[in-house]
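Spelled out, the chains give:
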Amino acid sequence: MKSKSKCRLGIILAIYAVVFVWYRKMLPDVKWDSLAKNVNQICRKRGFSRKALPKVALASFPGSGNTWTRHLIEESTGIFTGSIYMDKRLKSAGFTGEGQNTNVIVVKTHSWRKLQTYQKAILLIRNPYDAMLAEFTRRRTHSHTGTLNAIVFNKTAWKSFVYRASRSWYKENRSWLTEFKGSLHILQYEKLKNNTREELVELLKFLRIKIRNETLSCVLANSQGKFKRNKKRIDIDISAGKLKVVIDDYQRRINRLIKERLGDTD
């Protein structure tokens, strides 16, 4: 009888071992980092990947919501996001992968050069007016969450910035849409903001990441993260006359290129 009991126990333990190994394979293989505790609420423990991952760009014009998107990706995958830059403020706030481009799930970039160094890319596109407003505010306040008084936007510095930045917005988005040869996922900021669940699920599919319903619910409940700029209505004429005509034309061209890249020629 004792031998039979031992045999049954051995079989049960073997089954548990198989189930445990399978369960671990379903989770991201990461090396945990205690610095993840710096974030207000953690949906998944985060760390650098132990497995080799494809080099995926998270490309955007500055001010397009890159930091927020990184927050959503890290919360959903449990893997740090990287960056070609080293922003000490972001690193100290919990973005431990800042400055890294290996063993991370995506790599932040605002550059449209050396596109082919990436195997895949996520192109995050935001309305140019809102993106320029956010980036100008970040530069002036030296903060990802600061705000400005409306009077600042009546000065020459703002108009000069819009002139240069609108052209950069167009060139960066056009380059990724027309020159990148790898697999490209187009993520529009406004859709992500208004329909976060569906857009995030599609993004995770592109990254080949499965997410449990309870984890997704946690991510959505904590979706804003720590870097949401306070809403402050600023009544300004963002660009007048000929410059507005140029920016609107840039936006139309990019919208047309998005349709072409997606195969929608209607």
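Residues numbered from 1 in each chain as written. Predicted model: local features only at pLDDT ≥ 70, side-chain atom pairs only at ≥ 80, totals over all residues. Heavy atoms only, no water.

1. Examining the overall build of the chain
- Looking only at helices and strands, the chain has nine helices and seven strands in total.
- Out of the 266 residues in the chain, the part that is buried amounts to 44%.
- Long-range pairs, those at least 24 residues apart, make up 76% of the contacts in the chain between residues at least 6 apart in sequence.
- Of the roughly 15300 Å² of accessible surface on the chain, a fraction of 52% belongs to carbon and sulfur atoms. (Helix = DSSP H or I, 4+ residues; strand = E, 2+ residues; numbered from the N terminus. Buried < 20%, exposed > 50% of the residue type's maximum accessible area, 1.4 Å probe, protein only. Contact = heavy atoms within 4.5 Å. Areas by Shrake-Rupley, 256 points an atom, 1.4 Å probe, with all protein chains shown as cover.)

2. A short note on the environment of Val106
- Within the element layout of this structure, Val106 appears in the loop between helix H3 (88-92) and strand S5 (107-109).
- For Val106, a relative accessible area of 0% gives the class buried.
- In this structure the C-alpha to C-alpha distance between Val106 and Glu74, which are 32 residues apart in sequence, comes to 9.5 Å.
- Setting aside residues no more than four positions away along its own chain, Val106 makes contact with Val56, Leu58, Ile73, Thr81, Gly82, Ile122 and Leu207.

3. Focus: the packing of aromatic side chains
- Enumeration over the complete set of coordinates arrives at six aromatic pairs.
- Relative to Tyr189, the ring of Trp68 lies with its centre 5.8 Å away and its plane at 70°, an arrangement referred to as edge-to-face. One end of the pair, Trp68, is in helix H2 (residues 66-77); the other, Tyr189, is in helix H6 (residues 189-194), with 121 residues separating them in the sequence.
- Between Tyr118 and Trp176, the ring centres sit 6.1 Å apart and the planes meet at 50°, which makes this aromatic pair tilted. Of this pair, Tyr118 sits in the loop between S5 and strand S6 (120-125) while Trp176 sits in helix H5 (residues 156-179), placing them 58 residues apart in sequence.
- Since its relative accessible area comes to 9%, Tyr118 is described here as buried.
- On the accessibility criterion, Trp176 (0% relative accessible area) is buried. (Phe/Tyr/Trp six-rings, centres within 6.5 Å; stacked < 30°, edge-to-face > 60°.)

4. Let's talk about the state of the cysteines
- For the structure shown, the criterion picks out one disulfide.
- Here Cys43 connects covalently by a disulfide to Cys218, the sulfurs 2.1 Å from one another. In this structure, the disulfide formed by Cys43 and Cys218 twists by about -85° around the S-S bond and is classed as left-handed. Residue Cys43 is found in the loop between strand S1 (30-32) and strand S2 (47-49), and its partner Cys218 is found in helix H8 (residues 213-221); the two are separated by 175 residues along the sequence. Side by side, Cys43 and Cys218 carry an identical accessibility label, which is buried. (Disulfide = S-S within 2.5 Å.)

5. Thoughts on the packing of H2 against helix H7 (residues 196-206)
- The interhelical angle for the contact between H2 and H7, taken along N-to-C directions, is 70°, at an axis separation of 11 Å. Taken as axis vectors, H2 and H7 run roughly perpendicular relative to one another. Of the two elements, H2 crosses H7, and the hand of that crossing is right-handed. Touching Trp68, Thr69, Leu72, Ile73, Ser76 and Thr77 of H2 are Thr196, Leu200, Leu203 and Leu204, all from H7.
- Here the contact of H2 with H7 is composed, by residue class, of six nonpolar, four polar and no charged. (Axes fitted to C-alpha atoms, helices over the stretch in contact; angles between N-to-C directions. Parallel < 35°, antiparallel > 145°, perpendicular 65-115°, else oblique. Left-handed = near helix turned anticlockwise from the far one by under 90°. Nonpolar A, V, L, I, M, F, W, Y, C, P; charged D, E, K, R; others polar.)

6. Re the pairing of S6
- Judged by how many residues are buried, S6 sits mostly within the fold: six of six residues are covered.
- Neither face of S6 is exposed, since Lys120, Ile122 and Leu124 on one face and Ala121, Leu123 and Ile125 on the opposite face are all buried.
- Across five bridges, strand S3 (residues 56-60) lies against S6 in parallel orientation. Across the sheet, the residue bridging to Ala59 is Leu123, located in S6.
- One ladder, built from six bridges, connects S6 with strand S7 (residues 183-188); its direction is parallel. Looking at the pairing, Leu124 lines up with Leu187 of S7. (Pairing = 2+ DSSP bridges.)

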